[in-house]
Amino acid sequence: MRLDATRCAPEAARDSRFDATEPATMRNGSTLAVFTLFGLVAGGCKTLDATPDAGPVLPPDATLTEVFSEDRFFEGPLWSPKEGKLYFTAFGKDGQQILRLEKPGVVHVWMDKTEGINGTHRARDGRMLAAQVYGHRVLALTLGGPSPRDVATLAHDPAWNQPNDVTQAPNGDIYFTDPNFKYNAASAVYRLRATPADRPPSALSSEPERIITDMAIPNGLVVANDGQTLYVADSFHKHWRAYPIADDGAVGPGRVIFDPPTDNRDDPDGMTIDEPG
């Protein structure tokens with residue numbers, strides 16, 4: 001297993017904390033950029049590599065290339081292999097949007113007034129799963145076209161803090177974080193259970209299950225390729241935890257798997273797992 005826990009964004013882009021009761025604001029007026037990684041980036045980036053013989057994540061001679069820059073806060077990148085396009089979420093003083101990179105330097109506003117869609121994940125059926133901060137929802141949106149099609153609400157609860165990130169297991173179960181950045185308490189990770197195989201693949205049980213409550217600020221999360229482990233970043237304690245996933249989708253006690261001994265205590269945020277795992 002190699003969990004890519006790299007934080008290579010500019011300094012101003014590393015802090016994803018914002019109060020769900022207030023609009024997202026600019027960070028020190030900085031220009032925040034979307035980058036394409038064509039290689040390992042030197043300087044300040046750390047990767048957890050639990051399988052040394054798995055090989056490098058990227059070729060050693062690859063480079064980091066800026067493909068879009070704007071005076072907003074970007075989150076939730078999602079690659080659409082069918083289109084060959086990158087989607088990402090944007091938070092600015094005038095509101096929140098989902099952007100699609102058409103070519104370097106050019107974006108299309110794919111969705112406006114998103115009510116704070118933050119983390120995204122490409123579902124097993126090809127749709128975009130999205131965590132909606134201000135709307136307190138988990139959504140599914142059909143990719144492609146000038147705007148989203150077939151927007152479906154998978155879960156909604158006004159009492160949630162601010163759904164932040166979302167992922168899906170190989171069996172179809174969906175997991176999402178609901179952190180409380182303001183008080184570092186009452187945070188949770190939830191599961192939406194997939195329905196039996198004889199029902200539509202996009203259908204889920206109606207009631208989210210609160211499965212993790214021992215993290216101060218659960219943020220980014222991802223499920224291992226074999227579906228047996230849920231990895232979650234804690235933005236308060238600045239470490240990553242691993243929770244074993246049972247056959248029924250429930251999780252067991254978590255353990256800290258990465259707590260970097262560094263003076264840089266920026267918040268861990270989103271993460272991904274490459275094909276080798």
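Please refer to the structure placed before this passage.
Residues numbered from 1 in each chain as written. Predicted model: local features only at pLDDT ≥ 70, side-chain atom pairs only at ≥ 80, totals over all residues. Heavy atoms only, no water.

**Q** Honestly, the overall build of the protein in this entry has me stumped. Any pointers?
**A** Of the regular secondary structure elements, the protein holds 0 helices and 20 strands. For the protein, the exposed surface amounts to about 13,200 Å²; the carbon and sulfur share of it is 50%. (Helix = DSSP H or I, 4+ residues; strand = E, 2+ residues; numbered from the N terminus. Areas by Shrake-Rupley, 256 points an atom, 1.4 Å probe, with all protein chains shown as cover.)

**Q** How should I be thinking about the pattern of salt bridges in this particular structure?
**A** Going through the model one piece at a time under the given rule, you end up with 13 salt bridges. The partner of Arg100 in a salt bridge is Glu102, and the shortest N-O contact between them spans 2.6 Å. Given a relative accessible area of 31%, Glu102 falls into the partly exposed group. As a salt-bridge pair, Glu209 and Arg193 come within 3.2 Å of each other at their nearest N and O atoms. A residue pair is termed long-range when its members are at least 10 positions apart, and Glu209 in strand S15 (residues 209-212) and Arg193 in the loop between strand S14 (188-192) and S15 qualify at 16 residues. (Salt bridge = Lys/Arg side-chain N within 4 Å of Asp/Glu carboxyl O. Buried < 20%, exposed > 50% of the residue type's maximum accessible area, 1.4 Å probe, protein only.)

**Q** I would appreciate a short explanation of unusual backbone geometry in the present structure.
**A** For residues other than glycine, phi is negative in most cases, and the peptide bonds are mostly trans. Residues other than glycine seldom take positive phi values, yet Asp150 does so here, at roughly 55 degrees. Residue Asp150 is classed as exposed on the basis of its relative accessible area, which comes to 58%. Backbone geometry places Ala186, a non-glycine residue, at a positive phi of 60 degrees. Take Ala186: it is sitting in the loop between strand S13 (174-178) and S14.

**Q** I would appreciate a short explanation of the packing of aromatic side chains in the present structure.
**A** Two descriptors summarise a pair of aromatic rings, namely the distance from one centre to the other and the angle between the planes of the rings. Scanning the entire structure with this criterion turns up 8 aromatic pairs. Between Phe74 and Phe88, the aromatic rings sit 5.0 Å apart at their centres with planes inclined by 70 degrees, giving edge-to-face as the arrangement. On the criterion of sequence distance, the pair formed by Phe74 in strand S4 (residues 73-80) and Phe88 in strand S5 (residues 85-92) is long-range, its members being 14 residues apart. Of the two residues, Phe74 and Phe88, both sit in the buried class. With 5.3 Å between their ring centres and 15 degrees between their planes, Phe176 and Tyr190 make a pair best called stacked. Here the residue Phe176 occupies a position in strand S13, and Tyr190 occupies one in strand S14, the gap between them amounting to 14 residues. With respect to class, Phe176 is no different from Tyr190; both count as buried. (Phe/Tyr/Trp six-rings, centres within 6.5 Å; stacked < 30°, edge-to-face > 60°.)

**Q** What is the right way to read the nonpolar core from this model?
**A** Note that soluble globular proteins tend to have their nonpolar side chains buried in a common cluster. Counting residues in hydrophobic clusters, the biggest one holds 13 residues, and the most contacted among them are Leu129, Val138, Leu154, Val166, Ile174, Phe176 and Leu192. Among the secondary structure elements, those contributing two or more residues to this core are strand S10 (137-142), strand S11 (149-156), S13 and S14. No other element matches S14, which puts 3 residues into this core. If we skip the residues at most four places from it in the chain, Val138 touches Ala130, Ala152, Thr153, Leu154, Ala155, Val166, Phe176 and Leu192. Core analysis: the next-biggest nonpolar cluster, separate from the first, contains 12 residues, Ile212, Met215, Val223 and Tyr243 among them. (Core = buried A, V, L, I, M, F, W, Y, C linked by side-chain atoms within 4.5 Å. Contact = heavy atoms within 4.5 Å.)

**Q** What exactly am I supposed to notice about the environment of Asn118 here?
**A** Within the secondary structure, Asn118 sits in strand S8 (residues 117-122). Sequence spacing of Asn118 and Pro77 is 41 residues, and the spatial spacing of their C-alpha atoms is 9.3 Å.

**Q** Looking at this model, I keep getting lost on the side chain of Ser187. Mind explaining?
**A** Take Ser187: it is sitting in the loop between S13 and S14. Among the polar contacts listed, one links the side chain of Ser187 to the backbone nitrogen of Asn180, at a separation of 2.7 Å. What Ser187 contacts, discounting residues up to four positions off in sequence, is Asn161, Asp178, Pro179, Asn180, Arg210, Ile212, Thr213, Met215, Ala216, Ile217 and Pro218. (Polar contact = N/O pair within 3.5 Å; in protein donor to acceptor, adjacent residues only side chain to side chain.)

**Q** Explain the pairing of strand S18 (residues 239-244) to me, please; I cannot follow it from the model alone.
**A** Consecutive side chains along a regular strand alternate between the two faces of the sheet. For S18, the tally of buried residues reaches 5 of 6 residues, placing the bulk of the element in the interior. Alignment of strand S17 (residues 229-234) against S18, held across 6 bridges, turns out to be antiparallel. By the bridge assignment for S18, Leu230 is matched with Tyr243. Here S17 hands over to S18 after 4 residues, with Lys238 in that stretch at a positive phi of 60 degrees. (Pairing = 2+ DSSP bridges.)

**Q** Teacher, can you tell me more about the sheet that holds S10 here?
**A** Paired through their backbone hydrogen bonds, the strands of a sheet run either parallel or antiparallel. Read across the sheet, 4 strands follow the order S8-S9-S10-S11 without closing on themselves; strand pairing throughout is antiparallel. The sheet terminates laterally at S8 and S11, the two strands that pair on one side only. Neighbouring strand axes in the sheet, compared pairwise and without regard to direction, differ in orientation by 25 degrees on average. The pairing of strand S9 (residues 128-132) with S10 spans 5 bridges and is antiparallel. Note that in S10 the partner of Gln132 across the bridge is Arg137. (Axes fitted to C-alpha atoms, helices over the stretch in contact; angles between N-to-C directions.)

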